[in-house]
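Examining the three-dimensional arrangement
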Amino acid sequence: VAVGLSVLAFAAVLAGAVRERTIRAQAEFEAAKARAVKDYLVGVFGASDPYDTSPERGRTMTALALLDRGRARVDTAFSAQPEIRDEMLTVLGGVYANLGLYDDAASLHERALASRRQLHGDRHAAVAESMTELGNVYLQQGKYKEAEPMLRDALALRRSLFGNESEQVARSADRLATVLEQQARYADAEPLSREALAIREQLLGPRH
């Protein structure tokens, strides 16, 4: 009994140490990420050097020009931090999509997806996110043949990672339903829309 209790106590201490190390590593990663993103944004908005004498200094720039500048600096700003780079590519892709610049958005999401697959393999939440975002851009472009398989794969991956009752699954089901609806495939779209609604009612309540 004494030996068994000693083993259990040691296992508990070891588990606590591992958990503490994991939490500390995550905190350090988030801090490094915040610093990297701050430096990147400062560079994009041109405030990194008060003695800058370049022609751009002091010039009023459009939002699109700033966005293009940010896109051009992603690779150099995060050359040693590929996970943060891929996150920024995804954010920029969303902004381009919101501006209706779908070709630029698709290019950024395609890059993020390829990089995340290389970093994490095919079964990872970040990969599922990139697949969903890219499929959504294809939908906005009217590229239904490209959007449907991308969103089906994203939905299947999210089901396996998060279970059937998660917001991630609801969003992928909703996007896939929209692709099918746009092709007048209403009988195929309706079950997915109902599933997304049921998940969100369960997670958020009926008055969200």
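Scroll up for the structure.
A brief report on the enclosed structure follows. (Residues numbered from 1 in each chain as written. Predicted model: local features only at pLDDT ≥ 70, side-chain atom pairs only at ≥ 80, totals over all residues. Heavy atoms only, no water.)

When helices and strands are counted, the protein chain shows eight helices and zero strands. Across the 208 residues in the protein chain, those meeting the buried criterion constitute 31%. Only carbon and sulfur atoms are counted for the fraction: they give 56% of the accessible area of the protein chain, which is about 12,600 Å². (Helix = DSSP H or I, 4+ residues; strand = E, 2+ residues; numbered from the N terminus. Buried < 20%, exposed > 50% of the residue type's maximum accessible area, 1.4 Å probe, protein only. Areas by Shrake-Rupley, 256 points an atom, 1.4 Å probe, with all protein chains shown as cover.)

This brings us to the pattern of salt bridges. If the charged atoms of two oppositely charged side chains come close together, the side chains can form a pair. Tallying each qualifying case throughout the model produces 13 salt bridges. With a closest N to O distance of 2.7 Å, D104 and R71 form a salt bridge. In this pair, D104 sits in helix α4 (residues 102-120) while R71 sits in helix α2 (residues 63-77), placing the two residues 33 residues apart along the sequence. By relative accessible area, which is 27% here, D104 ends up partly exposed. A cluster of three or more residues bridged by salt bridges with shared partners is formed by E148, R152, R185 and D188. (Salt bridge = Lys/Arg side-chain N within 4 Å of Asp/Glu carboxyl O.)

This part takes up helix α8 (residues 186-204). Between its first and last C-alpha, α8 extends 26 Å over 19 residues, near the 27 Å set by a 1.5 Å rise per residue. Within the span of α8, buried status applies to A189, L192, A196 and I199. Take α8 and look down its axis: the buried residues cluster within an arc of 95°, on one side only. With respect to the buried face of α8, the exposed residues turned more than 90 degrees away are Y186, A187, R194, L197 and Q202. Buried residues in α8 make contact with α6 (144-162) and α7 (167-182). One or two positions beyond α8, positive phi appears at G205, with a value near 90°. (Expected span 1.5 Å × (residues − 1). Arc of directions from axis to C-beta. Contact = heavy atoms within 4.5 Å.)

Here the focus is the nonpolar core. The biggest cluster of nonpolar side chains holds 38 residues, and the ones touching the most others in it are M131 and L192. Listing elements by their share of this core, those giving two or more residues are α2, α3 (82-98), α4, α5 (125-141), α6, α7 and α8. Excluding residues that lie within four positions of it along the chain, M131 makes contacts with L113, R117, M150, L151, D153, A154 and L157. (Core = buried A, V, L, I, M, F, W, Y, C linked by side-chain atoms within 4.5 Å.)

Residue placement: T178 occurs in helix α7. There is a polar contact of 3.0 Å between the side chain of T178 and the backbone oxygen of D174. (Polar contact = N/O pair within 3.5 Å; in protein donor to acceptor, adjacent residues only side chain to side chain.)

This part is about α3. The first and last C-alpha atoms of α3 sit 24 Å apart over 17 residues, in line with the 24 Å expected at 1.5 Å per residue. Every buried residue belonging to α3 is among I84, R85, D86, M88, L89, T90, L92, G93, Y96 and A97, and all of these are buried. After α3 finishes, the residue G100 shows a positive phi value of roughly 80°.

Take G163: it is sitting in the loop between α6 and α7. Residue G163 is classed as partly exposed on the basis of its relative accessible area of 26%. If sequence neighbours within four positions are ignored, G163 has contacts with R158 and V169.

Our focus in this paragraph is the side chain of R158. Tracing the backbone through its elements, the reader meets R158 in helix α6. E133 provides the closest opposite charge to the buried, salt-bridge-free R158, at an N-O distance of 6.0 Å. A polar side-chain atom of R158 sits 3.4 Å from a polar atom in the side chain of T132. If we ignore the near neighbours within four places in the chain, the residues touching R158 are A128, E129, T132, G163, Q168, V169, R171 and S172. (Lys, Arg positive; Asp, Glu negative; His and termini not counted.)

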